[in-house]
Amino acid sequence: PNNLPIAEVFIDDEDCEAKKRTKDKPKLVILGGGWGGVALLKSLNPDDYHVTVISPANYFLFTPMLPSATVGTLEFRSLVEPIRRILSRVHGHFIRAKAENVHFSEKLVEVSQIDSQGKEVRFHVPYDKLVIAVGSVTNPHGVKGLENAFFLKDINDARKIRNQVIRNLEVACLPTTSDEERKRLLSFVVSGGGPTGVEFAAELFDLLNEDLTRHFPRLLRNEISVHLIQSRSHILNTYDETVSKYAEDRFARDQVEVLTNSRVKEVCSDKIVFTQQQEDGSLVTKELPAGFVLWSTGVSQTALCQKLAQKLGNIQTNRHALETDTHLRLNGTPLGDVYAIGDCSTVQNNVADHIITFLRTLAWKRGKDPETLQLHFKDWREVALDVKKRFPQSVNHLKRLDKLFAEFDKDQSGTLDFGELRELLSQIDNKLTSLPATAQRAHQQGCYLAQKFNKLAHLSEGLSINDIRDGDLDAAVYKAFEYHHLGSLAYIGNSAVFDLGEGWSAAGGLWAVYAWRSVYFAQSIS
Ligand code: FAD
Ligand code: MG
Ligand code: MG
Ligand code: MG
Ligand code: MG
């Protein structure tokens, strides 16, 4: 396509014996060197594939500790690991470039890079198997003035934040700075009450109160303020209620101002404008002077994924992520060619099918025909518990499922008939059961693919192609992907909160902080 050159031969293909061995092996191309891509590399057997990673960043970034790096608790270099080093175990190749497009029928990835003359060059990289693991981008939510805000996705973002915080403190100390201007410079606003926003606010608060007041004695404690703006009624709203309550109480005690039910309208160079919903439902527009604004209000699709989804037409209907089947194969592409993992993807999990099976069993146990089954609230509770168990991250409030029962019992008979139930199930499928955009999930999916690819490479030793039904190799050699929720953690100012699913949650002081740190350090890859 487009007459671009094809990178058939790599310059390091002949470098050593090991690389020569993989030269004629199937070409496995991985887009992205983040959590998903690296988990795959770490579990893949060496020498079964000719492996190539394509990514604009030549390092893996340990994101869970990124908020700590912004305030200097951790050194930047302890959070990154060179991709080339990770690749050396599988004798793989690295191309520092950005994937721009995928030509599915020609099995080519189109990539771009800026050359030494500052000109954009483009070429194609061929694949036999392609794994898309390009992650996500910060969601701008169509808000004006985001050029005045800071983001926290990358190591450069963390560096910029650290510089700006210190700069504000230094300027605030100048004898020529007015009282009003000093207050503004020392007003730090975080937009977004998810784990990243909450952890950053907590780290910032620690820094300002514990470390810096010693070095900046002129800055009186009560001149520094930290504000957190959240659109929902609670912070950490995807966590268990006790966890979210603990975080709010903690912030109240630390005097981190939490502004809930608030939507940012514009970020200006010296203030932030937002509307806050009042108890009577009316909206009031408010302003806060701000010397620093962090924008961390969730993620959305990268330009590459938007383009691919569009290309695959009405097979890809999810606006937030690329849809795969349960074997993580990108829907709409030739079976077994293209996979998608991590933040950029979601698995079509057919929870509706799962529940229908569950109900058939229930009906059968009672000696009834499923089509005539009337579902009482008590039965629904049983179904709801089952759904919650399978999708703990997305359905952690049973109340939400209880509410659905009332909502879909249109005739208010206290029972759901099959029609009402079908409506309800499709709602669950669409809204409640998408997989979380976490390192935990990306990691599990990367490991899953590696296990499967390891098996596929030695297929000839076991199965013969004719044995395989419908040509579905993946299903023949390996089980479908299943997500295991291992809980979530967040750091909030010398304490940490855990949400372990299944109704277990914990929050606590120093012991929790050490547990939090050790869990992440244990996961750290070097
Ligand atoms: P990423 O890890 O983002 O990797 C994407 C890779 O693709 C990068 O290497 C990128 O350079 C590359 N890329 C991008 N575009 C292209 C392109 N066009 N072509 C080729 N390559 C491309 N999760 C948790 O589970 N626990 C936590 O405590 C936690 N804390 C977090 C804190 C912060 C500050 C942030 C930002 C995230 C945090 N997360 C956490 C979420 C977690 O980092 C993501 O869910 C995870 O990184 C997703 O992995 P991924 O492989 O899909 O994408
Ligand atoms: Mg990745
Ligand atoms: Mg990332
Ligand atoms: Mg600290
Ligand atoms: Mg009814």
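Everything below is about the structure shown above.
Residues numbered from 1 in each chain as written. Chains lettered and ligands numbered in written order. Predicted model: local features only at pLDDT ≥ 70, side-chain atom pairs only at ≥ 80, totals over all residues. Heavy atoms only, no water.

## Overview of the overall build of the protein
Okay, so step 1: A tally of regular secondary structure across the protein gives 16 helices and 26 strands.
Okay, so step 2: Evaluated residue by residue, the protein yields a buried proportion of 52% over its 526 residues.
Okay, so step 3: Taking the contacts inside the protein whose residues are at least 6 apart along the sequence as the reference set, 65% of them involve residues at least 24 apart.
Okay, so step 4: Counting every atom, the protein has about 25,500 Å² of accessible surface; 51% of that belongs to carbon and sulfur. (Helix = DSSP H or I, 4+ residues; strand = E, 2+ residues; numbered from the N terminus. Buried < 20%, exposed > 50% of the residue type's maximum accessible area, 1.4 Å probe, protein only. Contact = heavy atoms within 4.5 Å. Areas by Shrake-Rupley, 256 points an atom, 1.4 Å probe, with all protein chains shown as cover.)

## Details of the sheet that holds strand β2 (residues 50-54)
Okay, so step 1: Ordered by their spatial adjacency, five strands build an open sheet running β5-β2-β1-β9-β20, and the pairing between neighbours is parallel. In the strand order of this sheet, the two ends are held by β5 (93-95) and β20 (338-340), each with one partner. Strand-to-strand twist in this sheet, taken as the mean axis angle between neighbours without regard to direction, amounts to 20°.
Okay, so step 2: Note that β2 and β5 share three bridges and pair parallel. Looking at the pairing, isoleucine 54 lines up with isoleucine 95 of β5.
Okay, so step 3: Where helix α2 (residues 35-43) meets the sheet, its contacts fall on β1 (27-31), β2 and β9 (129-132), and the angle it forms with β1 comes to roughly 150°. (Pairing = 2+ DSSP bridges. Axes fitted to C-alpha atoms, helices over the stretch in contact; angles between N-to-C directions.)

## Description of the pattern of salt bridges
Okay, so step 1: With the rule as written, the count across this model stands at 19 salt bridges.
Okay, so step 2: The salt bridge involving arginine 85 is made with glutamate 81; its shortest N-O contact spans 3.9 Å.
Okay, so step 3: The exposure class assigned to arginine 85 is exposed, which follows from its relative accessible area of 53%.
Okay, so step 4: Judged by its relative accessible area of 7%, glutamate 81 is buried. (Salt bridge = Lys/Arg side-chain N within 4 Å of Asp/Glu carboxyl O.)

## Side note on the environment of glutamate 323
Okay, so step 1: As for its placement among the helices and strands, glutamate 323 is situated in strand β19 (residues 322-324).
Okay, so step 2: Among the residues examined, glutamate 323 registers a relative accessible area of 8% and is labelled buried.
Okay, so step 3: For the pair glutamate 323 and glutamate 81, spaced 242 residues apart in sequence, the C-alpha to C-alpha distance is 29 Å.
Okay, so step 4: When neighbours within four sequence positions are excluded, glutamate 323 is seen to be in contact with Ile315, Gln316, Thr317, Asn318, Arg329, Leu330, Asn331, Thr346 and Gln348.
Okay, so step 5: A distance of 3.5 Å separates polar atoms of two side chains, one belonging to glutamate 323 and the other to glutamine 348. (Polar contact = N/O pair within 3.5 Å; in protein donor to acceptor, adjacent residues only side chain to side chain.)

## So, the sheet that holds strand β13 (residues 256-259)
Okay, so step 1: Strand order in this open sheet of four strands is β13-β12-β11-β17, and the pairing throughout is parallel. Bordering the open sheet on either side are β13 and β17 (292-295), each of which pairs with just one other strand. Each strand axis lies, on average, 15° off the axis of its neighbour in the sheet, ignoring direction.
Okay, so step 2: Here strand β11 (residues 187-191) runs beside strand β12 (residues 225-229); their pairing, made up of five bridges, is parallel. Bridging from a neighbouring strand, valine 190 pairs with leucine 228 of β12.
Okay, so step 3: In the packing of helix α5 (residues 155-173) onto the sheet, contacts are made with β11 and β17, and the angle to β17 comes to roughly 160°.

## Considering the side chain of glutamine 276
Okay, so step 1: Positionally, glutamine 276 belongs in strand β15 (residues 271-277).
Okay, so step 2: Note on glutamine 276: relative accessible area 12%, which makes it buried.
Okay, so step 3: In terms of polar contacts, glutamine 276 uses its side chain to reach the backbone carbonyl oxygen of threonine 260, at 3.1 Å.
Okay, so step 4: A distance of 2.7 Å separates polar atoms of two side chains, one belonging to glutamine 276 and the other to lysine 286.

## Comments concerning the packing of α2 against helix α14 (residues 439-457)
Okay, so step 1: Put simply, α2 and α14 touch, their axes get as near as 7 Å, and they point 35° apart. Note on packing geometry: the crossing formed by α2 with α14 is right-handed. In contact with Trp35, Gly36, Ala39, Leu40 and Ser43 of α2, α14 contributes Ala439, Ala442, His443, Gly446, Cys447, Leu449, Ala450, Gln451, Phe453 and Asn454.
Okay, so step 2: Classifying every residue of the contact of α2 with α14 by side-chain character gives nine nonpolar, six polar and no charged. (Left-handed = near helix turned anticlockwise from the far one by under 90°. Nonpolar A, V, L, I, M, F, W, Y, C, P; charged D, E, K, R; others polar.)

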